[in-house]
Amino acid sequence: MKKVLSNFIILFMLLDLCSFHSILAQVTDTLHITSQFQKANLKTLNLVNNGSVENQKDFFYFGFEKELNSIDFELKNETDKEHTLFLELTNALIEEITVLKKTNEGYFPLFKTGIGLPFSQRALSHRLFAFPLKLNNHEESSYRIVLKKNKGKPLVTSIFIKTDSVFTEESSLQQIGLGIYYGVSFLAVIFSLLVFYFIRKWRYLIYGLYIIFLGLYIAAYTGLFSQILLNENAIFNTYTNYILFSEVSLILFVLFSQKFLETKLYAPKLKRLVDAFLIFSIAIRLLIHFVVINESILHLFVKVWYLSLFVLSIIIASQIAIFLKTNFKKTSFFALAYVFMIIGVCCTILYHSFGIINTFFFGLPVIFYTSFLEILFLTLSVIFMVKDLYDQRNRLSE
């Protein structure tokens, strides 16, 4: 019995060892380009930082510590034709990217770009970082991607290898999606300006400004800002072109929510708490990006900032619950918009700061979809707000 048991244990260990080597082989495998090849996630066949096997997620996550990270992979063209493949990274806010190809003398740099360099240095005029890789017939080549990130901050991205047709088709669909988003946003801004012109209440102008800065934030996050609004020789400034949009949109949303929910009348104490936590949150964010250098202190400040945002969101949710009792229909649309905003923000934090979930769907981030739904429901709530105001005026005139 003991002999059978010992044999079983040895067999189990051998199978486990084989399984481990199978996983390792899968991670460091070569991507074979056949005539049927369309698209592949680079996460399934790579060597990270010269040999360490990464986690089994479908995206790359590099923590707070290491500033430079490398990804090695191999491509083998098994056809009789030359192929041009496209290497695409979903994160549009990477500080510096270098793509190298292995030769007899070592790795030779093909491309070097990033938000820390002028847009003109990009391999393609594209909102994302995309690089064409040419393979001759039956060529097998090794490549390395070196990612430089901001010190003390994590970096997360998905990386894909695509054929020309797939790259063009998916880029076109994403551009259509972005076009629809900004078309709806434009109509919402025009509507808010018209309402402000006729009613002369600042809350409608604040709403329009919020839509504008939210759109600028989404443009910066998706890389559209660099592609369309920056000069080719300009460098994307993380603070003025991204963090500023994020903070201003937060301020405008909080101001609009306090006006919409009439917190001065229905929840004055909670309004004072909202004001205090908003100022505290913005102050912490400024300290994180402009003052704090020490990494351990930086981690602490980031956690404090997340906590302040959490408390702020709970307070506003409480205000919504109070105002629901006075006008359910109007407030319910605002509550739905608020829920979608919270979902988008939470998913983005879980993705970028902790690498827990992948928030990209069809090449666009989840915050793009949630902010689109947020704008729709916010506009509906504003429409009902205007309707209530006119109904009230009509009743008074009678």
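Residues numbered from 1 in each chain as written. Predicted model: local features only at pLDDT ≥ 70, side-chain atom pairs only at ≥ 80, totals over all residues. Heavy atoms only, no water.

## Considering the state of the cysteines
Link 1 in the chain: Applying the stated rule across the entire model yields zero disulfides.
Link 2 in the chain: Looking at C346, it has no disulfide partner, and the nearest cysteine sulfur is the one in C347, 7.0 Å off.
Link 3 in the chain: For C346, a relative accessible area of 40% corresponds to the partly exposed category.
Link 4 in the chain: By relative accessible area, which is 17% here, C347 ends up buried. (Disulfide = S-S within 2.5 Å. Buried < 20%, exposed > 50% of the residue type's maximum accessible area, 1.4 Å probe, protein only.)

## Some thoughts on the environment of S246
Link 1 in the chain: Relative to the elements of secondary structure, S246 occurs in helix α5 (residues 238-260).
Link 2 in the chain: The buried category is assigned to S246, whose relative accessible area is 15%.
Link 3 in the chain: In this structure, the C-alpha to C-alpha distance between S246 and A220, residues 26 residues apart in sequence, is 9.6 Å.
Link 4 in the chain: When sequence neighbours within four positions are dropped, the list of residues in contact with S246 reads Y217 and R285. (Helix = DSSP H or I, 4+ residues; strand = E, 2+ residues; numbered from the N terminus. Contact = heavy atoms within 4.5 Å.)

## Overview of the pairing of strand β12 (residues 159-163)
Link 1 in the chain: Where burial is concerned, most of β12 is hidden: five out of the five residues are buried.
Link 2 in the chain: Of the two faces of β12, the one lined by I159, I161 and T163 and the one lined by F160 and K162 are each fully buried.
Link 3 in the chain: Where strand β2 (residues 39-41) lies against β12, three bridges are found, and the strand directions are antiparallel. When the bridges of β12 are listed, A40 appears paired with I161.
Link 4 in the chain: Bridge count between strand β6 (residues 83-89) and β12: five bridges; the pairing is antiparallel. Residue L85 lies in a different strand from β12, and its bridge partner there is T163. (Pairing = 2+ DSSP bridges.)

## Some words on the confidence of the model for the protein
Link 1 in the chain: Mean pLDDT over the protein: 85, with 88% of residues reaching 70 or higher.
Link 2 in the chain: By mean pLDDT, helix α1 (residues 2-27) is the weakest element of the protein at 38, and strand β9 (residues 129-135) is the strongest at 95.
Link 3 in the chain: Scored below 50 in pLDDT, residues 1-28 shows 11 contacts in the model against residues more than four places distant or in partner chains. (pLDDT = per-residue confidence, 0-100.)

## Some points on the sheet that holds β9
Where strands meet in a sheet, backbone hydrogen bonds hold them as pairs that are either parallel or antiparallel.
Link 1 in the chain: With respect to topology, four strands assemble into an open sheet ordered β2-β12-β6-β9, the strand pairing being antiparallel. Looking at the sheet topology across the chains shown, the edges are occupied by β2 and β9. Averaged over all pairs of adjacent strands, the angle between strand axes in this sheet comes to 20 degrees, irrespective of strand direction.
Link 2 in the chain: Each of β2, β6, β9 and β12 is contacted by helix α2 (residues 164-199), which is oriented at about 115 degrees to β12, the strand it contacts most. (Axes fitted to C-alpha atoms, helices over the stretch in contact; angles between N-to-C directions.)

## Here we look at the pattern of salt bridges
Link 1 in the chain: For the structure on display, the rule yields eight salt bridges.
Link 2 in the chain: Among the ionic pairs, K162 bridges to E170, the shortest N-O distance being 2.5 Å.
Link 3 in the chain: Salt-bridge contacts for E247 lead to R285; the nearest nitrogen and oxygen are separated by 2.4 Å. Pair noted here: E247 is in helix α5 and R285 is in helix α7 (residues 268-290), with a separation of 38 residues, a long-range link.
Link 4 in the chain: Residue classification places E247 among the buried positions, given a relative accessible area of 8%. (Salt bridge = Lys/Arg side-chain N within 4 Å of Asp/Glu carboxyl O.)

## Some words on the side chain of S353
Link 1 in the chain: Take S353: it is sitting in the loop between α9 (328-352) and β13 (360-361).
Link 2 in the chain: Taking relative accessible area as the criterion, S353 reaches 9% and is therefore assigned buried.

## A short note on a nonpolar patch on the surface
Link 1 in the chain: Nonpolar side chains collect at one region of the surface, where F186, L187, I190, L193, L194, Y197, F198 and Y390 lie side by side and expose about 860 Å² of accessible area between them.
Link 2 in the chain: With seven residues, α2 is the largest single contributor of residues to the nonpolar patch.
Link 3 in the chain: Here F186 lies in helix α2. (Patch = residues over 30% accessible without salt bridge, like charges linked within 9 Å, V, L, I, M, F, W, Y side chains within 5 Å. Areas by Shrake-Rupley, 256 points an atom, 1.4 Å probe, with all protein chains shown as cover.)

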